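Geometric and topological summary
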Amino acid sequence: MSSLPLSRSEVFGQLRKELHEDKEFHQSDVHVFVIMGASGDLAKKKIYPTLWWLFRDGLLPEQTYFVGYARSALTIEGIRTACLPYLKVADSEAERLSVFFSRNTYLSGSYSEGDSFSHLHSHILSLPGGNMANRLFYLALPPSVYHDVTRNIRNHCMSAKGWNRVIVEKPFGRDLQSSEELSAHLSALFTEDQIYRIDHYLGKEMVQNLMVLRFGNRIFGPIWNRDSVACVVLTFKEPFGTQGRGGYFDDFGIIRDVMQNHLLQMLSLVAMEKPASTSSDDVRNEKVKVLKCIAPVSLSDVVLGQYVGNPQGEGDAKLAYLDDPTVPKESRTATFATAVLYVHNERWEGVPFVLRCGKALNERKAEVRLQFTDVPGDIFAGHCRRNELVVRVQPNEAVYAKMMSKKPGMYFSPEETELDLTYRSRYRDVKLPDAYERLILDVFCGSQMHFVRSDELREAWRIFTPLLHQIEQEKVSPIPYTYGSRGPPEADNLSKKVGFRYEGTYKWVNPHRL
């Protein structure tokens, strides 16, 4: 008999206990959380809502204060109004929300002038217990101001008596050189244990579940290697295009936006060896070892695509990427990419890791799919398909094993089915935390397990930088694909060429859809 489902608050409370790697964390300490770039979209849509949910559920230290900082002339009431559509406030929570915003203040100032940060420092000192407070600085900012802001934080805003932590959003550079320059800049100002490079995908429930699935189950250990696995496919698909925000996307492209970070992070969790413990450094050491075994990606192992409008589509589906008014008319930026990587070690030698990601595709999906080798000595006349283990990250979080079973009835016919663990049905009364909730709570607790370390970042850029430079120097043209399709057929051909068997006869359907 399973135990009763934990409440949302109990889930987080247990998480907080498990993450107390930092002996300096005390619930009674005063903490000041500074949102740099408080006027921006990220702050409005993600950071303030996340802080509100953590505060509402009693998960933050009791004496936590929030300071917004940006160049714009704003008020706390203005911030509250802007954030309200994203806060998900129940009628019964109105009073609690007022308490939350009573803990908030806002300052307007320059990102480049030291005097503005001296004023911020004075403001923090003026808060209750501010002279003893631990300080967290969230850089919800464009990378162009990282250098000025971090230098001014270091020179003018560090707590003398509490600890200091800086949360940095991606992109962490555009290539190996720019990433190394940013890392060198940050390491000259802060120690590695003060820097939290946030990749929100590492806060996803099913991404974090990869470690438990792998290292907490005896049944997977013997088959998690090149002897049993034919290939691994890591997928990130979005059913919408750039929707008028292509100007930002065009600067980076799909490889920098998704593949070099989100998908490579998932690959390292799938492929790494068992760490000595679940401590941050032990886990990240194993991830770095895996990345060091991957050679730079070759252009011959890559398919690039750019979506075009679908004449039969509706609304935005009729529009091509180049129809976005913020995108340069001759842009060759890829909105889709498939790349094949190989991990050259004893466990994985010869197994292709296929990374697929794109915009304006046929569905929203992020998943990890291990396809196993064929059953030797087939006695069913070729009617059996390959087994697969699928970890669905989003939507409808699930783990399922695709397997063969006898079709019910008079005949002795195999058919594809699944062993299914759909979270929404199995954990019906548990609301899964947002990735940002989990990661921001990690920062308070001092756990860096789900944050990117500098050497990990270096290896990730080493793998992709030569490819990115070649694409730009040779002006490689992406293959057109129709809005709402699976992407360029050439991508499926590449996957098939390296050993992925796509039968097209089976589709997982959530059997417990509510």
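Residues numbered from 1 in each chain as written. Predicted model: local features only at pLDDT ≥ 70, side-chain atom pairs only at ≥ 80, totals over all residues. Heavy atoms only, no water.

**Quick word on the confidence of the model for the protein chain**
- Mean pLDDT over the protein chain works out to 87, with 91% of the residues at or above the 70 mark.
- Overall, residues 1–9 carries pLDDT values under 50, and its contacts beyond four positions in sequence, including any with other chains, amount to 15 contacts. (pLDDT = per-residue confidence, 0-100. Contact = heavy atoms within 4.5 Å.)

**Overview of the sheet that holds strand β6 (residues 195–198)**
- Taken in spatial order, the seven strands make up an open sheet running β3-β2-β1-β4-β5-β6-β15, and their pairing is mixed. Across the chains shown, the open sheet's two edge strands, defined by having one partner strand only, are β3 (104–108) and β15 (451–452).
- Strand direction decides the pairing type here: strand β1 (residues 30–36) and strand β2 (residues 63–70), joined by seven bridges, are parallel. For I35, the partnering residue across the bridge sits in β2 and is G68. (Pairing = 2+ DSSP bridges. Helix = DSSP H or I, 4+ residues; strand = E, 2+ residues; numbered from the N terminus.)

**Here we look at the packing of helix α10 (residues 253–271) against helix α11 (residues 280–292)**
- Where α10 meets α11, the axes come as close as 9 Å, and the angle between the chain directions of the two elements is 105°. Considering the angle they form, α10 stands roughly perpendicular to α11. The residues of α11 that touch α10, namely those facing L264, Q265, L267, S268, L269 and A271, are K287, V290 and L291.
- Each residue belonging to the contact of α10 with α11 can be placed in one class, and the counts come to six nonpolar, two polar and one charged. (Axes fitted to C-alpha atoms, helices over the stretch in contact; angles between N-to-C directions. Parallel < 35°, antiparallel > 145°, perpendicular 65-115°, else oblique. Nonpolar A, V, L, I, M, F, W, Y, C, P; charged D, E, K, R; others polar.)

**Examining helix α3 (residues 76–87)**
- Those residues of α3 that sit buried are I76, I79, C83 and L87. Looking straight down α3, one finds that the buried residues subtend no more than 70° of arc, so they occupy a single side. The outward face of α3, more than 90 degrees from its buried face, is lined by the exposed residues E77, T81 and P85.
- Packed against the buried residues of α3 are α2 (41–56), α4 (94–102) and β3.
- Trailing α3 by a residue or two, K88 shows a phi angle of about 55°, which is positive. (Buried < 20%, exposed > 50% of the residue type's maximum accessible area, 1.4 Å probe, protein only. Arc of directions from axis to C-beta.)

**Let's talk about the packing of aromatic side chains**
- Counted by the stated rule, this structure contains 18 aromatic pairs.
- Between Y69 and F117 the ring centres are 5.2 Å apart and the planes differ by 40°, which places this aromatic pair in the tilted class. On the criterion of sequence distance, the pair formed by Y69 in strand β2 and F117 in helix α5 (residues 114–126) is long-range, its members being 48 residues apart. The pair formed by Y69 and F117 is uniform in burial state, with each residue classed as buried.
- Judged by centre distance (6.1 Å) and plane angle (75°), the ring pair of F249 and Y321 falls under edge-to-face. (Phe/Tyr/Trp six-rings, centres within 6.5 Å; stacked < 30°, edge-to-face > 60°.)

**Remarks on the environment of N152**
- Of note, N152 is situated in helix α6 (residues 146–156).
- For the pair N152 and L322, spaced 170 residues apart in sequence, the C-alpha separation works out to 40 Å.
- With residues up to four places along the chain from it excluded, the contact list for N152 reads Y111, S112, E113, G114, F117 and C157.

**Digging into the sheet that holds strand β12 (residues 388–394)**
- A sheet is described by the order of its strands in space; here nine strands give the open sequence β14-β13-β12-β11-β7-β10-β9-β8-β16, paired in mixed fashion. Whereas interior strands pair on both sides, the edge strands pair on one side only; in this sheet they are β14 (414–422) and β16 (479–482). Strand-to-strand twist of the sheet, defined as the mean angle between neighbouring strand axes without regard to direction, takes the value 20°.
- Sheet topology places strand β13 (residues 398–406) next to β14; nine bridges connect them, and they run antiparallel.

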